[in-house]
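Now for the letters of each chain:
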Amino acid sequence: MRGLDDTIESGLVEKVRAGNRAAFGRLIQPHLPRLLGLARRMLGSADEAEDALQNALASTWVARTKLDSDKPIAAYLTTVTLNKCRDRLRRRKVSRLFRIGSFDPEIPTAGDEPDIETLVADRQILDEVSRAIERLPVRLREALVLVAVEGRSYREVSQLLGVTEKTVETRVYRARQRLREKRSHLFEV
């Protein structure tokens, strides 16, 4: 049974399909923080994440007639955002191959800084973890980010990525295993 939120979302989707930009803004607004966080974790850069998300939203607007009012928009937006992140990662790899440009990740730090030693140590650990995650193959990285960071279920991730739940479970396991190999004292499982 569909709830009130589902009915409102369904109505917004129909307005978006008809070309209503205001409805598009209202439809995507609640999802923006989560999508931006996902893109940032996938790409390791706030600027690239914003660009990827803008591209994802532009693509969604262009393909708005394909939206299905009976399906939740969150899954669709997540899939499009992941695809735009994958595109950027592929371009990054090609760019490195030809030594064109470089990508330095911007890594967030905690707002409350107890003391300088703790801040430096935490920053080093965060840098190491972020670099290790960025070095994971894309398939392992997206499964890990969606399950471990975003807290999505294996079932939901399997639907988003178009693979079986067992495949998601295996990818998350392998991602964690590789991270443990890189820096075993950082990960307590």
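Rules of the game
- Residues numbered from 1 in each chain as written.
- Predicted model: local features only at pLDDT ≥ 70, side-chain atom pairs only at ≥ 80, totals over all residues.
- Heavy atoms only, no water.
- Axes fitted to C-alpha atoms, helices over the stretch in contact; angles between N-to-C directions.
- Helix = DSSP H or I, 4+ residues; strand = E, 2+ residues; numbered from the N terminus.
- Parallel < 35°, antiparallel > 145°, perpendicular 65-115°, else oblique.
- Left-handed = near helix turned anticlockwise from the far one by under 90°.
- Contact = heavy atoms within 4.5 Å.
- Nonpolar A, V, L, I, M, F, W, Y, C, P; charged D, E, K, R; others polar.
- Buried < 20%, exposed > 50% of the residue type's maximum accessible area, 1.4 Å probe, protein only.
- Polar contact = N/O pair within 3.5 Å; in protein donor to acceptor, adjacent residues only side chain to side chain.
- Patch = residues over 30% accessible without salt bridge, like charges linked within 9 Å, V, L, I, M, F, W, Y side chains within 5 Å.
- Areas by Shrake-Rupley, 256 points an atom, 1.4 Å probe, with all protein chains shown as cover.
- Salt bridge = Lys/Arg side-chain N within 4 Å of Asp/Glu carboxyl O.
- Lys, Arg positive; Asp, Glu negative; His and termini not counted.
- Charge placed at Lys NZ, Arg CZ, Asp CG, Glu CD.

Caption draft 1: Molecular detail of the packing of helix H3 (residues 32-43) against helix H7 (residues 138-149). Two elements in contact, H3 and H7, have axes separated by 10 Å at closest approach and are oriented at 140°. As summarised for this structure, H3 and H7 are arranged oblique, according to the angle between their axes. Taken as a pair, H3 and H7 cross one another with a handedness that is right-handed. On H7, the residues that touch Leu38, Arg41 and Met42 of H3 are Val138, Arg141, Glu142, Val145, Leu146 and Val149. Its residues assigned to classes, the contact of H3 with H7 comprises six nonpolar, no polar and three charged.

Caption draft 2: Fine view of the environment of Arg152. Among the structural elements, Arg152 can be located in the loop between H7 and helix H8 (154-161). A residue is classified by how much of its surface remains accessible, and Arg152, at 9% relative accessible area, is buried. Leave out the neighbours within four places in its chain, and Arg152 touches Arg34, Thr78, Leu146, Val147, Val157 and Leu160. Looking at Arg152, its side chain comes within polar contact range of the side chain of Thr78, at 3.3 Å.

Caption draft 3: Representation of a positive patch on the surface within the structure. A cluster of basic side chains, namely Arg131, Arg135, Arg174, Arg178 and Lys182, defines a positive patch on the protein surface. Of all the elements, helix H9 (residues 165-182) adds the most residues to the positive patch, at three residues. Looking at Arg178, the relative accessible area reads 41%, which means it is partly exposed.

Caption draft 4: Spatial organisation of the pattern of salt bridges. Considering all chains together, one arrives at eight salt bridges under this definition. Glu48 is the salt-bridge partner of Arg88, the closest N and O atoms lying 3.8 Å from each other. Here Glu48 lies in helix H4 (residues 46-62) and Arg88 lies in helix H5 (residues 73-97), a separation of 40 residues in the sequence. Per residue, the accessibility class of Arg88 equals that of Glu48, and both read buried. Asp87 serves as the salt-bridge partner of Arg90, at 2.4 Å between the closest nitrogen and oxygen. Taken together, the positions of Arg90 and Asp87, both in helix H5 and three residues apart, correspond to about one turn of that helix. Salt bridges here are not isolated pairs; linked through shared partners, they connect Glu48, Asp51 and Arg88.

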